[in-house]
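Here is how the chains run, residue by residue.
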Amino acid sequence: MRVISGTKKGRMLKAVPGKNTRPTTDKVKESMFNMIGPYFNGGWGLDLFAGSGGLGIEGLSRGLDKVLFVDHHPKAIETIRSNLAACQLTDTAEVYKNDWQRALKVIIHRKIVFRVIWVDPPYKKTSIYRTVLETVNDHQLLERGGTIVCEHDPEVQLPDAYGRLEKGKTARYGSCQITLYHFE
């Protein structure tokens, strides 16, 4: 894994040891960022189920001001911190070892609004997508013009809209599908 583009282009990223995470491949990551950007003029990102932190780090490299990384596995948190340090991005990140639901409650309390939110939970946990979409919509956690990126199993059917969030592009890459939601 590596940073594909931006200020940290070419930096190598470590994967989380073990088999509990499923890193986004460089090909999928590049396609994903072409769909949502590919670059940003500031704003905040949220990398839920962050794993190695590769998506949020790519977002920082491509112009986001700050990214919050959330994962509950200690090895993932270690890997995220190591990757941020290797890319000299620790000052532009907040890393939380936390359950995703508790993290969203804290974000709501802090009244943070994001430019982009990546949602990549374990593929078998399909109800998580709807809960995240509901929470983001109900608490207005996405800025106007912002994007939610859902990475999921192609068999998972996500709704066409959720409140103010409208489904945008979808793309399939083997056993992975990307579905975008926008708040215009």
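As the structure is a computational prediction, the values presented were derived from the model and not from experiment.

## Examining the pattern of salt bridges
Counting across every chain of the model gives 7 salt bridges. A salt bridge links Glu58 to Arg62; its shortest N-O distance comes to 2.7 Å. The buried category is assigned to Glu58, whose relative accessible area is 1%. Residue Arg62 is classed as buried on the basis of its relative accessible area, which comes to 4%. Close ionic contact of Glu143 with Arg115 constitutes a salt bridge, the shortest N to O distance being 4.0 Å. With Glu143 in strand S5 (residues 142-152) and Arg115 in strand S4 (residues 114-119), this pair connects stretches of sequence that are 28 residues apart. Looking at Arg115, the relative accessible area reads 23%, which means it is partly exposed.

## Quick look at unusual backbone geometry
Residue Gly37 is joined to Pro38 through a cis peptide bond whose omega torsion reads 5 degrees. Take Pro38: it is sitting in the loop between helix H1 (26-36) and strand S1 (44-48). Despite not being glycine, Phe49 has its phi angle at roughly 55 degrees, a positive value. Along the chain, Phe49 turns up in the loop between S1 and helix H2 (54-61). A relative accessible area of 15% places Phe49 in the buried class. Its identity is not glycine, yet Gln140 carries a phi of approximately 50 degrees, on the positive side. Its place among the elements puts Gln140 in the loop between helix H5 (127-138) and S5.

## Things to note about the packing of H1 against H2
For the pair H1 and H2, interaxial distance at closest approach is 11 Å and the crossing angle is 50 degrees. Taken together, H1 and H2 sit at an angle that is classed as oblique. Handedness of the H1/H2 crossing: right-handed. Residues Lys29, Met32 and Phe33 of H1 lie in contact with H2, whose contacting residues are Gly54, Leu55, Glu58 and Gly59.

## Some details on the state of the cysteines
Per the stated rule, a full pass over the model turns up 0 disulfides. No disulfide involves Cys150; its sulfur sits 11 Å from that of Cys176, the nearest cysteine. Residue Cys150 is classed as buried on the basis of its relative accessible area of 1%. Judged by its relative accessible area of 8%, Cys176 falls in the buried class.

What counts and how
Residues numbered from 1 in each chain as written. Predicted model: local features only at pLDDT ≥ 70, side-chain atom pairs only at ≥ 80, totals over all residues. Heavy atoms only, no water. Salt bridge = Lys/Arg side-chain N within 4 Å of Asp/Glu carboxyl O. Buried < 20%, exposed > 50% of the residue type's maximum accessible area, 1.4 Å probe, protein only. Helix = DSSP H or I, 4+ residues; strand = E, 2+ residues; numbered from the N terminus. Axes fitted to C-alpha atoms, helices over the stretch in contact; angles between N-to-C directions. Parallel < 35°, antiparallel > 145°, perpendicular 65-115°, else oblique. Left-handed = near helix turned anticlockwise from the far one by under 90°. Contact = heavy atoms within 4.5 Å. Disulfide = S-S within 2.5 Å.

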